[in-house]
Amino acid sequence: MATGNGRLIDYDALVREDAVHGDVYLRQDIFDEEMKRIYQRGWVYIGHQSEIPDPGDFKRSWLGLQPVIFSRDKAGKYHVLFNRCTHRAASICQEDWGNTTGFRCEYHGWLFRTDGELAAVPYADAYGDNFDKSRLNLRRPPRVDEYRGFVFASMSETGLSLTEHISGPAREQIDYFCDLSPEGEILVQCGATKLAYDGNWKLQMENTIDGYHPNFTHQSFFSSIERITGSKPGIFKGDSLSEVRDLGMGHTNIDTRAYNRADPAVKARLDMMQQTSWGKKYYDDLVEAHGKERAEDVLTVGGTHMNIFPNLCVLGQQVRTIRPISPDRTEVFLRPSLLKGAPDEINTMRIRQYEAFYSPHGGGIHDDVEMFNRVSEGLRCTIDPWLIFQRGLHRETVDEDGVRIGQCTDETSQRGQWRHWKTVMQEEINL
Amino acid sequence: MSALRDKVENFLYKEARLMDENRYLEWAGLYADECLYWIPCNEEDYDPAKHVSMLYADNNLLKSHALRLNEGKAFAQQPKSRMRRIVSNIEIDGDEGDEEIGVFANFTVTEIRKHEQRVHSGRSEYKLVSENGSFRIKYKKINLVSIDEAQDNVTFLL
Ligand code: FES
Ligand SMILES: [Fe+2]
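The rules behind each value
Numbering of residues starts from 1 in each chain and follows the order in which that chain's sequence is written. Each chain gets a letter, beginning with A, and each ligand a number, beginning with 1, in the order they are written. Reporting of local features is limited, given that this is a predicted model, to residues whose pLDDT is at least 70; pairs of side-chain atoms are given and counted only at 80 or more, and all residues count toward the totals for whole chains, interfaces and linings. Think of the side-chain values as coming from all heavy atoms in the structure, minus any hydrogens and water. Here, two residues are considered to be in contact whenever any of their heavy atoms come within 4.5 Å of each other. Once two parts are brought into contact, the accessible area they lose, counted with a 1.4 Å probe and summed over both, makes up the buried area. Any carboxyl oxygen of Asp or Glu that lies within 4 Å of a side-chain nitrogen of Lys or Arg is treated as forming a salt bridge with it. In protein, a polar contact means a hydrogen-donor-capable atom and an acceptor-capable atom, both N or O and within 3.5 Å, with residues adjacent in sequence counting only if both atoms are side-chain atoms; elsewhere, any N or O pair within 3.5 Å suffices. Basically, the charged four are Asp, Glu, Lys and Arg, the nonpolar ten are Ala, Val, Leu, Ile, Met, Phe, Trp, Tyr, Cys and Pro, and anything else, Gly included, counts as polar. Pairing of aromatic rings covers Phe, Tyr and Trp, the last through its six-membered ring, and needs centres within 6.5 Å; plane angles under 30 degrees mean stacked, over 60 mean edge-to-face, and all others mean tilted. Throughout this description, the term charge over a ring refers to an Arg CZ or Lys NZ atom that lies within 6 Å of the ring centre and within 35 degrees of the ring normal. Shown as donors are all N, O and S atoms within 2.8 Å of a metal ion, widened to 3.2 Å for Na, K and Ca; because water is not in the atom set, sites may appear incomplete. Note on geometry labels: four donors, all angles 85 to 135 degrees, give tetrahedral; four donors become square planar and six octahedral when opposite donors are over 155 degrees apart and every other angle is between 65 and 115; remaining cases are irregular.

1. Observations concerning the interface of chain B and chain A
Consideration 1: Taken together, the contacts link 36 residues of chain B with 40 residues of chain A.
Consideration 2: Between chain B and chain A, roughly 3,000 Å² of surface is buried when both sides are summed, and carbon and sulfur atoms account for 48% of that area.
Consideration 3: Considering only the side of chain B, the residues that lose the most area to chain A are Arg68, Phe75 and Asp152 of chain B, jointly responsible for 21% of the buried surface there.
Consideration 4: For the interface between chain B and chain A, the tally reads 5 salt bridges.
Consideration 5: For Glu71 of chain B, the salt bridge identified is with Arg227 of chain A, shortest N-O distance 3.9 Å.
Consideration 6: Here chain B is connected to chain A by 21 residue pairs in polar contact (both at pLDDT 80 or more).
Consideration 7: In terms of residue class, the side of chain B that touches chain A is made up of 16 nonpolar, 9 polar and 11 charged.

Right, dumping it as structure tokens:
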């Protein structure tokens, strides 16, 4: 048991190994406690370095419900700063993104530099001789760190380092995504499509690594593919070689490596790409960068499809951020990425492929969102409050890294998220 | 009122009616074989080869889009949106007899789906080519007022 708002919440009674109680998506007190435990103590994704490439660049982001500014200072160092004037709390950054020399609070005119330093206070003499401006710099999370440009912040002074939080098997997946670039860097610089729904943030988290739903929720998308290619892909069938994996710490992925390596269509596509001059150049540059074996594997695997708990999803071409707003309201920002050093043709193709499924008029994502809304409606029926996450429990295996593996239509990935969620919610801490 | 303006208005009103009534395939038929249908995202003007769009479609993709919606398995449109839109502020760049004319028009669509009413507005830019006394759409670009907003569901025709 853990305390939340002076009231006891019995998480053992809410999360079982094979099922989850509907209250975890609905209750305000549980949401409040999630914000404290998951979003104010654990590592939370803020943004990618490439989104603010130049000195003075900034974008707005969130640490749970708290608005922050992700900014790059004059010297080129990035910062995560709370979007709150240290005088009387007005937010100091109104634009979602841009470039600036500093943040001026327009209420009483205090001026902060892009590294958060309080630079000027109007009529400062009224504060007396002992006024120490340096104590009133913008506040910041005590810990900020990154992996391959993905920047995270934690409100906890101590605890697991980011490297411990995102352990080997999860890093391996991020590496697959970034190594598609001949320079090993992705660029999150081509805009964002955005969506919102009336439902809990964890519905998006569960769905990203759900290998069971595509052949049903996305029937219309797969029909479109069938109209073009003559067949439906088998990647998400009940006998597919694809897997779902619980990477630990709530991180999870759909692992299509085995499927892709065995699929002649993937090989054919790569061979065809090399028939073009730009495709050949991309292939050659990738071999030059990573060696032939790794380059071919990276191309065959084609990135990743994963969640970094709690609010980052990396899949296909995109970097996706989940923004919880309330128990029943969520926003999701989806940002396609470019591959640094890859030919323009490759990067344009990535944008178009992204749009085909994920844009507001694309063929896929809004059918997922429709399901989130439908789940939210169904959750109002309390006669049987349990959601069943039992699929494949009996056939789960564990590898030498402790990664739990199931067939891609199994619910091994969601079980991993819920197991971690429960651990975090039950931790003995003073809130 | 000029004959050209009459013709343009009639065409835009017909397009609006087909969109309002979810007549996907007839709507797709309004487009020329060589066409571009573009809904920008985040900003109004940029190089679509370098920035994401809400939709960036040639005739093939547009047909595929229409067929997918028409099949009845696109669950974000099950049930379908019920809509009526007003098209106005029409500006015409061209003259009677021109092979191709430019048109600008504002629209506001009132949409209800699952008992929730939403309003979406924007400005469309067209390039229309003459065909059999009417037009086909060679180019349509839609700048939504909500170009940079998190939207719940805009999967109907625009
Ligand atoms: S609140 Fe910012 S200067 Fe007063
Ligand atoms: Fe999906």
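2. Let's talk about the packing of aromatic side chains
Residues and elements named next belong to chain A.
Consideration 1: Under the definition given, this model contains 23 aromatic pairs over all chains.
Consideration 2: Members of the aromatic cluster, connected to one another through ring pairs, are Phe221, Phe222, Tyr354, Phe357 and Tyr358.
Consideration 3: One Lys or Arg, Arg171, reaches over the ring of Tyr147 and ends 6.0 Å from the middle of that ring.
Consideration 4: Seen from the ring of Tyr212, Arg391 lies directly overhead, with NZ or CZ sitting 3.9 Å from the centre.

3. Here's the deal with the coordination of the iron ion (ligand 2)
Consideration 1: Protein coordination at the iron ion (ligand 2): the donors are His213 of chain A (NE2), His218 of chain A (NE2), Asp368 of chain A (OD) and Asp368 of chain A (OD), at 2.1 to 2.4 Å from the metal.
Consideration 2: Around the iron ion (ligand 2) sit 4 donor atoms; with metal-centred angles ranging over 57 to 146°, the donor geometry is irregular.

None of the figures reported here should be taken as evidence of function without further support.
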